[in-house]
Every structure is written in C-alpha cells, then in structure tokens.
Amino acid sequence: MRRIGVLRRPGLVLRLAVPLLLGGGWELAVRLSGVPHWILPGPLAVGRALVEGLPVLLPALAVTLAVTLGALVVAAAGGILLALAIALSPLLEAALLPLAVTLQVIPLVAVAPVILLYVERVETALVLCAALVAFFPVLAGTLSGLERAGTAERRLFALYHASRWQELVHLRLPTALPHLLAGLRVGGTLALVGAVVAEFAAGHAGSRAGLAFRILEAGWRLDIPRMYAALVLLAASGLVLHALLRGIERAVLRRFHLAPREGS
Amino acid sequence: MNTVLALEGVRHVYPNGLHALDGLDLALAEGSFTALLGPSGCGKTTTLHIAAGLLAPTAGRVRRREDPPPPGSVGFVFQEPVLLPWLDVWHNVALPLRLLRRPRAEIDGRVAALLRTVGLAALPRLHPDELSGGMRMRVAVARALVTDPRLVLMDEPFAALDELARFRLDDELQRLWLARRFTVLFVTHSVYESVYLAQRVLVMGPRPGRIVAEIPVHEPHPRDAAFRTSARFAELCRTVLAALARSGATEAAA
C-alpha cells in the first residue's frame, strides 16, 4: 500500500531519485577515473570534509546568516516603506523610483568595494551590501501589489469618502500582502547570495570569518573537499531559508484568508 | 413629491468617447422603490454611478437634498459582493462606519442590529471564502445599509445567484425596505424581478441611454409567491416586455 502511495506521487520520487542518481554517478566517476581528491572530490569525501570541518564551518555559517538576516530586515523595512511613500505620492515616485532601479542594475560585486571604502564597520557594510540586492524584489513586489486593488473596491471606498491613507491601510496594503510576501521570499534568498558576494569583496568579515572567507581560505590551502563542503552548507541554508520564508508566507496568507482556494 | 434625487437632462460621454447617456430624466420620491430595466450596455451602471455621486455627468443637472451627498447617505450594492477577503463578516459590514470614523459604541450597536436583521447574527466571525454566494450578497446588502442611508442603489445585485437564492434575497430586500423605507433604485435586467419588487419600472433604451417607458406597478407590498404566479403579474410582465421590445432592445432578457 505504501509503495503504491509513493508511486502515485512521481514528483516526490523524482525529487529523491535525481540527487541520488547524480551523487551516485559522481562518486562512481571519481572512483573509476581515479581523479585525485584535490582536483575533484567525490560526494563521500565531501561529506567527510563537511563533518570534520563543522567546528570551523558552522560558526562561519552563523556569521553569514547573521548578515543575511540583518540584510533581509533592512531590505524589508526599506522596500516596504519606499513602496508606501511612492504609492502615496506621484512626486516621490518620480524622484525615487529611477534611483532605486539604478541601484538595482549595478552589480553588487562592483558596488561592494565602494561601500566597504566608506563604511567603517565591516559588518555594517556587509549588511548594507546584501540589503542592496534583497531590497529590490521587496520594493517591486509591494509596489505592484499596491496597484492590485479592484475598481469596484475603490468605488466602495470613494463612496464613503475614504482618505488616501484609509484606502492605503484598509484596502491597498492588504491587497498587496501576497505580492509583498513573494517579494520578501525572493529577497531572502538574494540576501544570502548578497552576503556571500559581499564577504568575497571584503575578503574577510571583520573580526569573525563568514562562509565565503572559509571557501577562499580552503582554496588557498588547496583543501578542495572543504570548499565543496562549504558550498553544500551554503546551498542547504539557502534551501532552508527559502522553505522558512515560504512557510511564513503561507501561514500569513491563510491567516488573512488570502491563500488561493484549494484545487485552483 | 418629496424628491430624494433627480437627474435632469443628464448626458454622459466617457473620456474614451463612449456615449453612455443622453437626455436622461429620473426622479426618485422619498421611500419609493424604482426598478431600472434595459438591455446590456444601455448605461444603467453609469446612471447608478452618477446617482451615487461617484461620477459627474458631462452635462445636465443632478439635484439632491444636500449636494454633495453627505458620506453614508447613499448605500451601494454592486454586481459582485465586493467583500474584503481578509475581513470577517462583522468587519466587512462595519467597514463604512469605520471609514466614516464613527464612535466604537455606535459601530458595535449598528452592526449587531443589522446582522440580526439580515440573518447573519450567528456567523460574524466567518470570512467571505467560507460563505455561499447568497450569504456573501447578504453581507454586501448589510454593508450598504449599515450607515442607515436615505438612498440605496443596487446594480443587478442578485443576478449571479441561482433562482431560489435570488427569490429569497428579493423577499429579504422587500422586507428590509418595508421596515426601513429607504429609497431604492434597483438596476436589473430581469423583467420578472423588476415587476415583483418595484412600485415603478423604468425602461431604458439602447445606448446612449435614456428612459423610454415608465410602467407603474400598483400592487400593494408585501408581495409574495402568490403574486408571482398571478394573472396580474403575468400581465404586468407582458407590458414591461412590450415596452422593452418597443425601446429597440431586441435582446431583452427575461
């Protein structure tokens, strides 16, 4: 019965089978070809390096995650506030939106050294760098969500002479919530990428080393399995972060009865 | 006649060039129930928006007791319920009063009383996604009435419901109107619904819309299922249908 249940969900089977097959093929190829581990380690060697390296890698991950979360908070606050300001005033839109878009199109690797130049505390600079990339999806999501209120709903508010502020708080902001949360989810994963890129640009993470620094360090030492181990850790935290934000998103939408109806 | 609202020679052309209304005259006596009937796209909804003060006509006069109408003096029921999905029944009904910044005690009292009247008192905490279509429309009607408006404008409010639910809501509306005596302008494209509910059926011609016929329905209220199957009802429906056909509305809906 159980097997039939699993087979009925080919998606789940594939989700497990594809990584297993890839990993198995990789391990097999490494073993059969005899490539030395300092050129390409197999998954088992990477796993070993991960376990052995945890005392170094976990604190580094904590540093990187702290930058990521700090950046996400800054990006969320900045993105939402800017979107509200733009929604309330067409003048602010003309003044600020082009600036935000410009900031978005410059690659972070190019901006990070400049920010690091002026911001004394490296941790603060890293958070700013990562927030810079995480902020745009939040802004864009919130802005497009704020425009989603229907004409009939707006007529209803006009009928009762609702002020701009009332319309924003009671209609446009709740309508924007699903789009805001989707922006936050995208921004969250970008914040992690941003944190790592910024650490690379800094070369270190101030007093404490982040995951990017550990990858660089392992590279200098030709400790290739550890480089891979750090990458695995990074990917895993990215997935967990994404799942976490997705979970929060779903819970909030259910709470506000904004979740798409089941089956649709 | 104690007139609540009068439209005189109203003409409306939308910015995109659509000529919606021309030479529309309409007067609503206080406490009256008027049905507005016409083919699709003849400007019925435009008429309601002008009556609500949501739209200024291109030309013509709109006369009311107070101009602009004080907020809350006009209730509007849209084609769709237009409920806010994140608010429960109670808060959806309370929304107009909250937008008008009425005191908390007044809001509590009015919402509670109205929910009792429309039979929603048992489920104030349910959200729109947990209600049937008929229930949602009931909430929309309650919301339109919560400010105790003098004028209630309804834009084919029950058109999307199945026939039984529509009959039930027609009867509810009739009961509420008899109890509170607000003035109703009820847009519909159902000949039967207009004859069943209204004291007077106004027939609009095709776009640009204006009133082309007026059929009084002198039958006393409350009307019930017996009226719906009476010979008098059938005769009135025939009269209205004939007026619709004469108006040039070839695809007059029944």
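As the structure is a prediction and not an experimental result, all values here were calculated from the model.

A.B. asks: I keep staring at helix α2 (residues 89-99) of chain B and nothing clicks. Help me out?
C.D. replies: Residues spaced three or four apart along an α-helix point in a common direction, a consequence of the helix completing one turn every 3.6 residues. In terms of residue burial, α2 of chain B counts as a mostly covered element, since nine of its eleven residues are buried. Of the residues making up α2 of chain B, those classed as buried are V89, W90, N92, V93, A94, L95, P96, L97 and L99 of chain B. Next to the buried residues of α2 of chain B lie α7 (151-159) and α8 (164-202) of chain A together with α3 (104-117) and α4 (133-145) of chain B. Where α2 of chain B terminates, the next one or two residues include R101 of chain B, which has phi positive at roughly 55°.

A.B. asks: Teacher, can you tell me more about the domain arrangement of chain B here?
C.D. replies: A common way to state how big an interface is: give the accessible area lost once the parts meet. All names here are of chain B. Splitting chain B by domain gives domain 1 (1-73 + 151-254) and domain 2 (82-148). At the interface, 14 residues of domain 1 touch 13 residues of domain 2. Taken together, the connections running from domain 1 to domain 2 amount to two salt bridges. In this assembly, domain 1 and domain 2 are joined by three residue pairs in polar contact (both at pLDDT 80 or more). Those elements that place two or more of their residues in the side of domain 1 that touches domain 2 are β6 (151-155) and α5 (163-180). Per element, the largest residue contribution to the side of domain 1 that touches domain 2 is six residues, and it comes from α5. Class assignment for the residues of the side of domain 1 that touches domain 2 results in nine nonpolar, one polar and four charged.

A.B. asks: Teacher, can you tell me more about the sheet that holds strand β1 (residues 3-13) of chain B here?
C.D. replies: All names here are of chain B. Sheet architecture is open: three strands sit in the order β2-β1-β4, paired in antiparallel fashion. The sheet is open, and its two borders are formed by β2 (19-29) and β4 (59-64), each paired with just one other strand. This sheet shows a mean twist of 10° between the axes of neighbouring strands, independent of strand direction. Note that β1 and β2 share seven bridges and pair antiparallel. When the sheet's bridge partners are listed, H12 is paired in β2 with L21.

A.B. asks: Whenever I open this one, the packing of aromatic side chains confuses me. Can you help?
C.D. replies: Any pair of aromatic rings gets described here by the distance separating the centres and the angle formed by the planes. Under the criterion given, the structure shown has nine aromatic pairs over all chains. On the numbers, 5.9 Å between centres and 40° between planes, the contact of F33 of chain B with F186 of chain B is tilted. Taken as a pair, F33 of chain B in strand β3 (residues 33-37) and F186 of chain B in strand β7 (residues 183-188) lie far apart in primary sequence, 153 residues in all. F186 of chain B shares its class with F33 of chain B; the two are buried. These aromatic residues form a ring-pair network of at least three members: F33, F158, W177 and F186 of chain B. Above the face of the F256 of chain A ring, R255 of chain A is positioned so that its terminal group lies 5.2 Å from the ring centre. Over the aromatic face of Y196 of chain B sits the side chain of R228 of chain B, whose NZ or CZ is 3.8 Å from the ring centroid.

A.B. asks: Could you clarify how one ought to interpret the environment of L108 of chain A in this entry?
C.D. replies: Residue and element names in this part refer to chain A. On the secondary structure map, L108 appears in helix α5 (residues 108-118). For L108, a relative accessible area of 9% puts it in the buried group. Leaving out residues up to four positions away in the same chain, L108 has contacts with C129, V133, G194, V197 and A198.

A.B. asks: What is the right way to read helix α1 (residues 44-52) of chain B from this model?
C.D. replies: All names here are of chain B. Across the nine residues that make up α1, a large majority, eight, are buried. Of the positions making up α1, those classed as buried are K44, T46, T47, L48, H49, I50, A51 and A52. Of the residues one or two after α1, G53 is the one with positive phi, at around 85°.

A.B. asks: Explanation requested: the sheet that holds β3 of chain B in the structure shown.
C.D. replies: Sheets are built from strands that pair by backbone hydrogen bonding, the pairs being arranged parallel or antiparallel. Residue and element names in this part refer to chain B. Strand order across the open sheet formed by six strands is β5-β6-β7-β3-β8-β9, with mixed pairing between neighbours. With one partner strand each, in any of the chains shown, β5 (74-77) and β9 (211-216) form the two edges of the open sheet. The mean angle between the axes of side-by-side strands here comes to 15°, regardless of whether they run parallel or antiparallel. Where β3 meets strand β8 (residues 200-204), four bridges bridge the pair, whose relative direction is parallel. By the bridge assignment, L36 is partnered in β8 with L202. Docked against the sheet, α4 engages β5 and β6, running at close to 165° with respect to β5.

About the criteria used
- Counting of residues starts from 1 at the beginning of each chain's written sequence and follows it residue by residue.
- Chains and ligands are labelled by the order in which they are written, letters from A for the one and numbers from 1 for the other.
- Local features are withheld for residues below a pLDDT of 70 in this predicted model, meaning they are given only at 70 or higher, and side-chain atom pairs are given and counted only at 80 or more; totals for whole chains, interfaces and linings count all residues.
- Only hydrogens and water are removed before side-chain values are computed, so all heavy atoms of the structure are retained for them.
- Here the term buried applies to any residue with accessible area under 20% of the maximum for its type, exposed to any over 50%, and partly exposed to those in between, with areas from a 1.4 Å probe on protein chains only.
- Note on conventions: DSSP H or I runs of at least 4 residues are helices, E runs of at least 2 residues are strands, and numbering of each starts at the N terminus.
- For this analysis, residues touch if any pair of their heavy atoms sits within 4.5 Å.
- Domain start and stop points were drawn from an automatic or database domain assignment.
- Take a side-chain nitrogen of Lys or Arg and a carboxyl oxygen of Asp or Glu: if they are within 4 Å of each other, that pair is a salt bridge.
- Side-chain atoms alone can form a polar contact between residues adjacent in sequence; in general such a contact is a pair of N or O atoms within 3.5 Å, and within protein one must be able to donate a hydrogen while the other accepts it.
- Each residue gets one label: Ala, Val, Leu, Ile, Met, Phe, Trp, Tyr, Cys and Pro are nonpolar, Asp, Glu, Lys and Arg are charged, and the others, such as Gly, are polar.
- What makes two strands pair is DSSP finding at least two bridges between them.
- In this analysis, axes come from line fits to C-alpha atoms, helices being fitted only over the stretch in contact, and the angle between any two N-to-C directions falls in the range 0 to 180 degrees.
- Pairing of aromatic side chains here covers Phe, Tyr and the six-membered ring of Trp, requires ring centres within 6.5 Å, and sorts the geometry by plane angle: under 30 degrees stacked, over 60 edge-to-face, intermediate tilted.
- Lysine NZ or arginine CZ positioned within 6 Å of the ring centre and within 35 degrees of the ring normal marks a charge as sitting over the ring.

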